[in-house]
Amino acid sequence: MSAQNIIFLNLFFYLLGFLILFGFKSYILSQFAGWLSLVINVLGVLFSLSLIMNVTSERGIEIPWINLGDTVVSFDILLNDQTTFMYFLVQIIAFFVQLFSTKYLAKDPAISRYYAYLNLFILSMLGVIIAGNLMQLYFFWELVGFCSYLLIGFWYEKSAPANASLKAFLINRIGDAGLLIGIFLVFYLFKTFNFMELRDRFAGVSTGVFHLNTFGSWSAGQLLTAAGILMFCGAVAKSAQFPLQVWLPDAMEGPTPASALIHAATMVAAGVFLLARVSPILSHDAGFVIAIVGSFTSILAAYSAIFQYDIKKVLAYSTISQLGFMIAGIGVGAVGASLFHLTTHAFFKAGLFLSAGAVIHHLHHQQDMRKMGNLQDEMEVVFYGYAICAASLAGIPLFSGFLSKDALLISAYAYAEAHHFSYYLIIPVLLLISSVMTAYYIMRQFVMVFLNRQGNPIEETYHDILSGLEGVKKSFHDLLTADDDAQGDEKIINFLQKLGVFEISVLAMSLASLWFVFSASPFTFSDVWFIKIFGQTESHAAWIPYTVLGVSLASMIASFFITQNEIRNFYVNSDAQKSDSWLRKIGLNHFYLDYFYFNYIRPVFTGKLNTTEPEPAASFKKGLPGVVHYADSTYIDGITKILARGLMFISGISEKAERLLIDNFVNGVSEYARKSGHYGRKMQGGQIQFYLVLMIALVICILILKTFLF
Amino acid sequence: MNSGLLTSLIFLPLVGAGIILLLPDVYKASFKWINLICNVLNLINALTLYGSFNKTEPSYQFLEHYEWIRLDIGKSGVISIDYVLGLDGINLPMVILSAIILLIGGISSFSIVRRPKAYYSLFLLLCSSVMGCFVALDLFLFFLFFEFMLLPMYFLIGIWGGENREYASLKFIIYTLVGSVLILIVMIAVGMSYTDIFFSKEYGKTVHTFDFRQLKDTTNIIKNSFLSIDSPWKLMGIPARELMFVLLFIGFGIKLPMVPFHTWLPDAHVEAPTAISVILAGVLLKIGGYGLIRIGYGFFPDIAPDFTVWVAGAGVLSVIYGALNALAQTDLKKLIAYSSVSHMGFVLLGISALNAEGINGAVYQMFSHGILSAMLFLCAGVIYDQTHNREIANYRGLAKKMPFFTVAVSVAFFGSLGLPTLSGFIGEFFSLLGAFQSDLMPKWMPVLGVLGIVLSAVYLLWTFQKMFFGEYYISEKLEKDKIVDLDRREMLMLTVLGVLAFLFGIFPNLIFDISNQTVQEFLTRP
Amino acid sequence: MNKHLQEIIESTRLILPEVILIAGILLLTGIVSFTKKTPEKPKFKRFYFYSFALVILYYSFSHSHYEALFEKGDAFHAFGDILLLDKGGMSFRYLIQLSVFLFLLHGVAFRYRYDGEYFILIFTAVLGMAIMTMTTHFMGIYIGIELVSIASYLLVSLNKKKENFEAGIKYLIFGATSSALMLYGISLFYGISHTLNFLDPLFLHSIHFNADWAVQSICFLVLGGILFKMAAAPFHIWAPDVYEATPAPIISFLSYAPKVAALLLMARFIEALHADFTVILSVIIIVSLFVGNFSALWQKDAKRMLGYSGIAHAGFMLIGLLKAGFDDFYSAYFYAAAYLPVTMGAFFLLDVFKKQAGSYLIEDFKGLGQHSVILGINAIILMVALTGLPPTIGFTAKLLIFSSVADSLTSGSSPFYFTVLAFGLINTAVSIYYYLKIPYIAVVKSRYKTHNLAGIPLHLLLILTLFSLSAILLFIYPQYLGGLLNNI
């Protein structure tokens, strides 16, 4: 099968899955929804593997789609390593997420709808990945946003998910508006949407083969920067960057596995993917803006993550922070490193989310971390899995996060170095601080959620790490040895029974977060096959990873103690929040960004809201739309009314004048007729004469008009 | 050449109307079926035309040309009015759209019980004039059908409308009449200034023609006439040709509707019965856009570029202004009406760009808006039929009770807000793309247009959330306390439209292939 | 002397159809005089029969006689230069004959019990109009107009009701004043040119020696009499009351026939003088349109409303006489011809409504269109035709009218053309409001009273449909009207 057939068949299966699961509602189907979906997904993974085999060099496939004379937009499939790898990545993570969901949502009556959405999501996400041109990318980009909307609002009967889904979609729309304009601008400049052609034409610009369109006083370079920044707007919204990141924490109202897939691993990374696709035409200035925004977001979110209590919120802020890393990576030109971090992050963050999901499920939808704890024995496998993923996030050697994050840090440093530091240094510094904070908050979560609340901390930690490693080794060994054992089948079944789908999913994610998946050496990213493929700027700042590691470890230790203290405080004094410092408040409320939007931006549209009441139905009446509508009904429509009224008024006058003339005339005549018998010649003056005079006067008027005026 | 297909598009409904009028009232149950049959036949006819349309041929096809009026008006020549029908890439999509929407409107009319004879005969008259308007290639003929639409519409709103129907129907007719008076002026001016050179020789007199094929050609302008290119005639400093363009712009703008001439639309929509709203939004508004392309830009290609900023400005204004107004609405139907204003703004934006993307996009946007707005109004009708109330605030959590309805509404809403895979996206994307590529207008205009897309998401999703999410609740004030999901008829209509929305959202070439050649020729005209 | 006698005999032979008309009138008078009036057994049917016979006779004679005559030449003079026989006048006489025929049809269809005098007066008026259409001599004009006027006064007030009397008096007084003005103008003309025929070269020659403003003023005085017959502002004041009071068939006839005869006369006058009447006409047109349309907006009585509408239509017709670009008054003539089925149909329609509703009040028409769909449809068509919308002849007529003024716009630069055009268009848009009120109320509103309405007699609907059908058919085939008018 050719690559294009593979892709289309694969997409078709997902579409079919969506249609079947969405279109037919029956009890039986809802029982098998998950498994049907999984089958499709497994097929998809197989397809993607064959695609990886199939694609050896970069090429594009064009299928006629839209033809408008000079403007031809094909349905392009861009096949290269990026594509095939992401293609695989999405589906493999989706597989485990779906597997996880079979248990997590087993009791939900709308489970088939859930799987339908997931199928649609995977379909759209794959669409983003294979898209060979900007329009097509935008096409699927919107669709993934739509799926995200559907999944966040999956429990639509509750108000919080419904609100969160609306917020997510609208904020994404704002970003997408920027992206759309960016796309238009790119098309204006290059006369094409196609990525490969864009790259070629951009290359042609420097050699003078191709000339960019310009307009007004803008130079081509400025326009290119503008286009880059505008397209970045799309990524800002989708990948939750400052200042549009506020939707992502709210998006946690959706089902946790969906959050793992969409709002941690795949969709939010689409922004990074988009930027990677257009990176060849990003100008230096645009790159700098992107890098600054990314690193700034990273540190903001990391700071906020430190103070959260909700288990999913911590992870959400962490996601924002890590996305900031990737974005910054794109900004500094380290596309390979960014994509590498995207990949590692996808696995470990999905793992973390799935673990969180397992915990939440275990605790019957308790999400406050302060009320957790003591889970390390209750949920052993999840605990190990979580530990691995967390370590990967924290950037500890032997785990994938170490490799990818340090690749990014080094690239950022190299970028600053290449520009002779000065203010460029701010990027690596911010990222560095951010990664230290990362270590801090993930340790905090680890302590709060899993660790036993009593006991010697250092010993605990030691044991934890040791037993964690052992557990992993053991499970791994079990898996490996299962086959060549005589009672293999039974053993696997036993193992599966013991593990359950939660554990399998979490373990799979954590396994993928180990170093050997990506690199032969656990300590340096230079051996990472991934980066070799995707290209990497040379760097020689080998001291950075270790410095970061050192500081991170220190912060983790600090975190351990501080967190223990925090938990104690929580139990002793439940009014602790009252004495909160402003530092803490800022973190908890994420720099009051939401507050700002709610109280200053939103009133523009809705007017001042009375927050104590439930939202009034006609809230838009008070804001700008209300004003506009008032103007519309009062003035614009009013003009019509005034016109109509004016016409009626004039006609009233005309009619009255006529009536007056005629009525009086009639009266006069009848009077005349009545009196004529009695009084004969008495009727001297009176009305008839008057009206005759009037008529003659009119005649004379017209004469005068004629004679003297014209 | 004279295949008669186009004629039958116009006259079949007329025959149907005649049959309904002649049938005694005892057969009143059959009226809706007669209506349906006529519309189905028209749809088949339209699809046949689509199938046999030659996509590589830019000029008119299926031409039907009969001499009609040769009025010798003494010394100033002969007025020649012909019965010319034809299709090209711009009106074929409109014909197909009309056939679809009129059929849907016919099905939707099944719920009409009051005075079916009058209703269906007027309905078929409307069908006939709509079709005529789109296929006519003679300005006089076009105007005849254009005007003739007013009357059925006036009575359809006036008799079967809501409480305030008198006001709405009157406002509708006065507004539209003002628009058509403006067009009439242009028609008179054009009729005086253009001549058919070939026939003039034959008659030995100046033959004043209204044939689009002659009017497109600026060489047919009589020297030193009112509309000659170098006409010295001016009104308040505006040269004659520019003035005519402005008149057309406003005349069709009223129909479109374009801000600030839009205020008839919300009233008309709110009062009109569902089927008529569907047709009004789905088809009648398109005549404004179609007329502007065909007549405004077709006859005055030399003037059009100078007015791009104005047309595009009006488009952008409509987009933003309509959206802001839609935001402030509490009445579902009014909201949809204002969203129509907003979405038709993209048509203006696309047309004004004067490039392939823009004009094709505008045609596409018209087509797509026809389908989506029809869906929106049908959805509003579903709710209204059950509770006789359209206040958004009176409903909550309908998704639980009406799952199919929810799906239909979400398709319509997301289609309208431009979600890819639905037809709205393609239309808006290309209109905006065209506008952005055009050097005739400043770039901030399409940029503001993009803002309109954001706003449309706000009002549509906000409404969607209010009405369909949350706990199920219906205001106690409403008549019915029980709400049921779509019945089979509603399901059929909404499914068909929904599938079409997807079809045209995924395969835009179904329309672009047709319109492209004509638009290319349109743009390269000297 | 012999020569004069010879000429009189020759001339009489030339106007043979009119002579027959006169003979018919005399015969009718005789019959009326010697018929005993018996209120219990009215003889109106007999008179209808005679009248039909007379009008058909008149028509067929004029047809055969004049057609034959005009094969010999284009124009003939009779009685010195008092009468001028040409094709244009003939066409207009056809229109007048048709309107008489329709009047009779209207009357007989509704069984209006007219005494014999009515018919005599009608035919006298017809004779007057016939003279108006074939004269360019001020003497002839005056005789024609007075014949028509006096007959009209009597027709209006013959009913012996108070309203009729009032209306008749009013009509008379204004008519007399207008005639006085006109006579004054004529005498002034005679004073400066010593001739009474405005086609006389001497006349043209001599008026060129006079100041333009003086000539124009005199013209306006003369036109006063003609405009009075057209009910154009400011000579319109009689119209609404007369329309309201007079029985429908008569006013239907009086609203049409004198108007077109006067139109032709005016067209000839303007054409002959080669003077610029733009300003005067524009003012008259604008005032007529304004008064007609805007006052009609408020009317509750349908007949009265048609009265105002008639004023507005007079304004529209006059637009066709604004002469600059078009070298002929084709559009005005076309309008005059197109106006026939429309306005007389409208009066017929009102009578059908009245038969059902009991009054001419628009409010009372409620639901009648629902009761009889054919009536409703006819109401829509006729009112649409009056508004001037397609697909009716009213539209074609307006189109030509506006075309002519728009054409004048290009050649002349007078702001008046533009004002007239704009005003005419605005008025078209305004007028739809009150015209459509009738079908709207008839079709849309339901009747309060639910008691059974009598069915409308089939023959009424048939005639009504004939009117509206002709309004539509003439739209589709305007060539027929065009053929009639191309003679002019």
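The structure displayed is predicted, hence computed values, not measured ones. (Residues numbered from 1 in each chain as written. Chains lettered and ligands numbered in written order. Predicted model: local features only at pLDDT ≥ 70, side-chain atom pairs only at ≥ 80, totals over all residues. Heavy atoms only, no water.)

1. Considerations on the overall build of chain A
Part 1 of the reasoning: Counting secondary structure elements, chain A contains 25 helices and two strands.
Part 2 of the reasoning: Across the 710 residues in chain A, those meeting the buried criterion constitute 58%.
Part 3 of the reasoning: Looking at chain A alone, contacts between residues at least 24 apart form 77% of all its contacts between residues at least 6 apart.
Part 4 of the reasoning: Put simply, chain A shows about 28700 Å² of open surface, and 66% of that area lies on carbon and sulfur atoms. (Helix = DSSP H or I, 4+ residues; strand = E, 2+ residues; numbered from the N terminus. Buried < 20%, exposed > 50% of the residue type's maximum accessible area, 1.4 Å probe, protein only. Contact = heavy atoms within 4.5 Å. Areas by Shrake-Rupley, 256 points an atom, 1.4 Å probe, with all protein chains shown as cover.)

2. Remarks on the confidence of the model for chain B
All names here are of chain B.
Part 1 of the reasoning: Mean pLDDT over chain B: 88, with 99% of residues reaching 70 or higher.
Part 2 of the reasoning: Highest mean pLDDT in chain B belongs to helix α3 (residues 91-108) (93); lowest belongs to strand β4 (residues 234-235) (74).
Part 3 of the reasoning: Reported confidences for the modelled complex are a pTM of 0.89 and an ipTM of 0.86. (pLDDT = per-residue confidence, 0-100.)

3. A few points about the packing of aromatic side chains
Residues and elements named next belong to chain B.
Part 1 of the reasoning: Here the structure, examined in full by the defined rule, presents 118 aromatic pairs over all chains.
Part 2 of the reasoning: Consider the rings of Phe 142 and Phe 212, whose centres lie 6.4 Å apart with planes at 55°: the pair is tilted. With Phe 142 in helix α5 (residues 139-148) and Phe 212 in helix α9 (residues 212-215), the pair connects residues that are 70 residues apart, well separated along the chain. With respect to class, Phe 142 is no different from Phe 212; both count as buried.
Part 3 of the reasoning: Note that Lys 32 overlies the ring of Phe 110, its terminal NZ or CZ placed 4.9 Å from the centroid.
Part 4 of the reasoning: Lying across the ring of Phe 436, Lys 443 places its NZ or CZ 5.4 Å from the centre. (Phe/Tyr/Trp six-rings, centres within 6.5 Å; stacked < 30°, edge-to-face > 60°. Lys NZ or Arg CZ within 6 Å of the ring centre and 35° of its normal.)

4. Section: the environment of Leu 223 of chain C
Part 1 of the reasoning: If you trace the backbone, Leu 223 of chain C turns up in helix α9 (residues 212-230).
Part 2 of the reasoning: Beyond its immediate sequence surroundings of up to four residues, Leu 223 of chain C is in contact with Met 266, Phe 269 and Phe 277 of chain C.

5. Brief notes about the packing of helix α5 (residues 134-152) of chain A against helix α8 (residues 220-238) of chain A
For any two helices packed against each other, the geometry is given by the interaxial angle and the distance between the axes.
Residues and elements named next belong to chain A.
Part 1 of the reasoning: Close contact between α5 and α8 brings their axes to 12 Å; oriented N to C, the two are set at 20°. What the angle tells us is that α5 and α8 run roughly parallel. Note on packing geometry: the crossing formed by α5 with α8 is left-handed. Between α5 and α8, the contacting residues are Leu 134, Trp 141, Val 144 and Gly 145 on the first element and Met 231, Gly 234, Ala 235 and Lys 238 on the second.
Part 2 of the reasoning: Tallied by class, residues from the contact of α5 with α8 come to five nonpolar, two polar and one charged. (Axes fitted to C-alpha atoms, helices over the stretch in contact; angles between N-to-C directions. Parallel < 35°, antiparallel > 145°, perpendicular 65-115°, else oblique. Left-handed = near helix turned anticlockwise from the far one by under 90°. Nonpolar A, V, L, I, M, F, W, Y, C, P; charged D, E, K, R; others polar.)

6. Overview of the nonpolar core
Part 1 of the reasoning: Membership of the largest hydrophobic core comes to 641 residues, with the highest contact counts inside it found for Ile 93 of chain A together with Phe 142 of chain B.
Part 2 of the reasoning: Looking at this core, the element that brings in the most residues is helix α14 (residues 330-357) of chain C, giving 20 residues.
Part 3 of the reasoning: When residues of this core are assigned to domains, at least three map to each of domain 1 (1-275) and domain 2 (277-488) of chain C.
Part 4 of the reasoning: Once residues within four sequence positions are removed from consideration, Phe 142 of chain B is found in contact with Cys 133, Ala 136, Phe 212, Phe 252, Ile 287, Tyr 290, Gly 291 and Ile 295 of chain B. (Core = buried A, V, L, I, M, F, W, Y, C linked by side-chain atoms within 4.5 Å. Domains from an automatic or database assignment.)

7. Concerning the pairing of strand β2 (residues 78-87) of chain B
Residue and element names in this part refer to chain B.
Part 1 of the reasoning: By the criterion of burial, β2 is predominantly enclosed, with 10 of the 10 residues buried.
Part 2 of the reasoning: Across the two faces of β2 the burial is the same, with Val 78, Ser 80, Asp 82, Val 84 and Gly 86 and Ile 79, Ile 81, Tyr 83, Leu 85 and Leu 87 all buried.
Part 3 of the reasoning: As paired strands, strand β1 (residues 61-72) and β2 are joined by nine bridges and run antiparallel to one another. Residue pairing across strands places Glu 64 opposite Leu 85, the latter belonging to β2.
Part 4 of the reasoning: Here β2 pairs with strand β3 (residues 207-209) via three bridges, running parallel. Directly across from Ser 80, in β3, lies its bridge partner Thr 209. (Pairing = 2+ DSSP bridges.)

8. Quick word on the pattern of salt bridges
Two side chains carrying opposite charge are able to pair once their charged atoms lie near each other.
Part 1 of the reasoning: In the structure shown here, the tally under the stated rule is 22 salt bridges over all chains.
Part 2 of the reasoning: Across the pair Asp 637 of chain A and Lys 171 of chain B runs a salt bridge, and its minimum N-O distance is 2.6 Å. Linking Asp 637 of chain A in helix α24 (residues 624-679) with Lys 171 of chain B in helix α7 (residues 165-193), this pair reaches from one chain into another.
Part 3 of the reasoning: Residue Asp 637 of chain A is classed as buried on the basis of its relative accessible area, which comes to 9%. (Salt bridge = Lys/Arg side-chain N within 4 Å of Asp/Glu carboxyl O.)

9. Re the interface of chain A and chain B
Part 1 of the reasoning: At the junction of the two partners, chain A supplies 55 residues and chain B supplies 61 residues.
Part 2 of the reasoning: In this assembly, chain A packs against chain B so that about 5200 Å² is buried in total across both faces, 72% of it on carbon and sulfur atoms.
Part 3 of the reasoning: Along the contact surface separating chain A from chain B lie two salt bridges.
Part 4 of the reasoning: Put simply, Lys 400 of chain B and Glu 157 of chain A hold a salt bridge, and the shortest N to O gap is 3.2 Å.
Part 5 of the reasoning: Counting every contact that joins chain A to chain B gives 23 residue pairs in polar contact (both at pLDDT 80 or more).
Part 6 of the reasoning: No other element matches the 16 residues that helix α6 (residues 159-190) of chain A contributes to the side of chain A that touches chain B.
Part 7 of the reasoning: Its residues assigned to classes, the side of chain A that touches chain B comprises 36 nonpolar, nine polar and 10 charged. (Buried area = accessible area lost by both parts, 1.4 Å probe. Polar contact = N/O pair within 3.5 Å; in protein donor to acceptor, adjacent residues only side chain to side chain.)

10. Side note on the side chain of Thr 438 of chain A
Part 1 of the reasoning: Here Thr 438 of chain A lies in helix α17 (residues 426-449).
Part 2 of the reasoning: In this structure, Thr 438 of chain A is in contact with Ser 321, Gln 322, Leu 393 and Lys 405 of chain A, ignoring residues within four places of it in sequence.

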